[in-house]
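Each chain is listed here by its residues.
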Amino acid sequence: MNPSDVWAEMAGNVKWVLLSIFVVLAMFGLVTSWGGGGGGVSAKASHILVNTESEIDDLFTQLSATADGSPEQFALFAELAKKHSKCPSGSRGGGALGTFGRGQMVPEFDRVVFEEAVGKIHKVKTQFGWHLVLTTERTEPETKKEL
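Taking an unreviewed UniProt entry as the reference, the protein is identified by name as Peptidyl-prolyl cis-trans isomerase belonging to Achlya hypogyna. Its UniProt record, at the heading Catalytic activity (unreviewed entry), says of the protein: "[protein]-peptidylproline (omega=180) = [protein]-peptidylproline (omega=0)".

A. Up close: the overall build of the protein. On a plain count of helices and strands, the protein comes out with five helices and four strands. Beginning at the N terminus, the succession of helices and strands in the protein can be written as α-β-α-α-α-β-α-β-β. Going through the 147 residues of the protein one by one, you find that 31% of them count as buried. Contacts spanning at least 24 positions in sequence make up 57% of the contacts within the protein whose residues lie at least 6 apart. Here the protein has roughly 9400 Å² of accessible surface; of this, 59% comes from carbon and sulfur atoms.

B. Structural context of the side chain of Thr126. Relative to the elements of secondary structure, Thr126 occurs in strand 3 (residues 121-126). At 2.7 Å, the side chain of Thr126 and the side chain of His131 are in polar contact. Residues in contact with Thr126, not counting those within four places in the same chain, are Val106, Glu108, Phe109 and His131.

C. Just the packing of aromatic side chains, in detail. Evaluated as defined, the whole model comprises one aromatic pair. For the pair Phe100 and Phe114, a centre-to-centre distance of 6.1 Å together with 85° between the ring planes defines the contact as edge-to-face. Of the two residues, Phe100 is situated in strand 2 (residues 96-101) and Phe114 in helix 5 (residues 107-115); the sequence distance between them amounts to 14 residues. Exposure remark for Phe100: the relative accessible area of 5% places this residue in the buried category. By relative accessible area, which is 8% here, Phe114 ends up buried.

D. Main features of helix 2 (residues 53-64). Taking 1.5 Å as the rise per residue, helix 2 with 12 residues should run 16 Å; its terminal C-alpha atoms sit 16 Å apart, in good agreement. Where helix 2 is concerned, the buried positions are Ile56, Leu59 and Leu63. The buried residues of helix 2 occupy one face: seen down the axis, they fall within an arc of 65°. Helix 2 presents Ser54 and Thr61 as exposed residues on the side facing more than 90 degrees away from its buried surface.

E. How the structure looks around the sheet that holds strand 1 (residues 42-50). Pairing within the open sheet is antiparallel, and its four strands lie in the order 2-1-4-3. The open sheet has two edge strands with one neighbour each: strand 2 and strand 3. Averaged over all pairs of adjacent strands, the angle between strand axes in this sheet comes to 35°, irrespective of strand direction. Two elements, strand 1 and strand 2, share four bridges in a ladder whose sense is antiparallel. By the bridge assignment, Ala43 is partnered in strand 2 with Phe100. In the packing of helix 3 (residues 71-84) onto the sheet, contacts are made with strand 1, strand 3 and strand 4 (129-139), and the angle to strand 1 comes to roughly 45°. Relative to strand 4, helix 5 is tilted by about 35°, and along the sheet it contacts strand 1, strand 2, strand 3 and strand 4.

F. The packing of helix 2 against helix 3, seen in detail. Two elements in contact, helix 2 and helix 3, have axes whose closest approach is 10 Å; the angle formed by their N-to-C orientations is 155°. Judged on the interaxial angle alone, helix 3 and helix 2 are roughly antiparallel. Helix 3 is crossed by helix 2, and the crossing has right-handed handedness. On the side of helix 2, the interface is formed by Leu59, Gln62 and Leu63, while helix 3 contributes Gln73, Leu76, Phe77, Leu80 and His84.

Rules used throughout
Residues numbered from 1 in each chain as written. Predicted model: local features only at pLDDT ≥ 70, side-chain atom pairs only at ≥ 80, totals over all residues. Heavy atoms only, no water. UniProt positions renumbered as here; feature names shortened; annotations may be inferred. Helix = DSSP H or I, 4+ residues; strand = E, 2+ residues; numbered from the N terminus. Buried < 20%, exposed > 50% of the residue type's maximum accessible area, 1.4 Å probe, protein only. Contact = heavy atoms within 4.5 Å. Areas by Shrake-Rupley, 256 points an atom, 1.4 Å probe, with all protein chains shown as cover. Polar contact = N/O pair within 3.5 Å; in protein donor to acceptor, adjacent residues only side chain to side chain. Phe/Tyr/Trp six-rings, centres within 6.5 Å; stacked < 30°, edge-to-face > 60°. Expected span 1.5 Å × (residues − 1). Arc of directions from axis to C-beta. Pairing = 2+ DSSP bridges. Axes fitted to C-alpha atoms, helices over the stretch in contact; angles between N-to-C directions. Parallel < 35°, antiparallel > 145°, perpendicular 65-115°, else oblique. Left-handed = near helix turned anticlockwise from the far one by under 90°.

Below, the structure written as structure tokens:
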């Protein structure tokens, strides 16, 4: 086999190895779409994570005393996250998770953040426990403008 054939075969093998890595990452939710990240949809959300439904119901009752989406509710949410959440985001940032794309969170959490109302608190059960989820912002992909 001549050297150029060896290089051509190696290049073909590298292509398949890279494609295989991409597919495995996509299966684990680390790559959300072939086009690069959930179609451009992103969101910002905060959460409070506790072990039991009774704990989450108590926190939800406290938060229900404030108006949905109000600055008072956001402040109380952050305060309660710092005191009660078992997720490190509670003590670090009042439950703030930052910006993320569709498919980067577990399905139950993802559905609430990307399909339910922004500024409204939702109770969610996942494999990690009980969450109160507050979506604070959601951006939709830009539509292409026709000339």
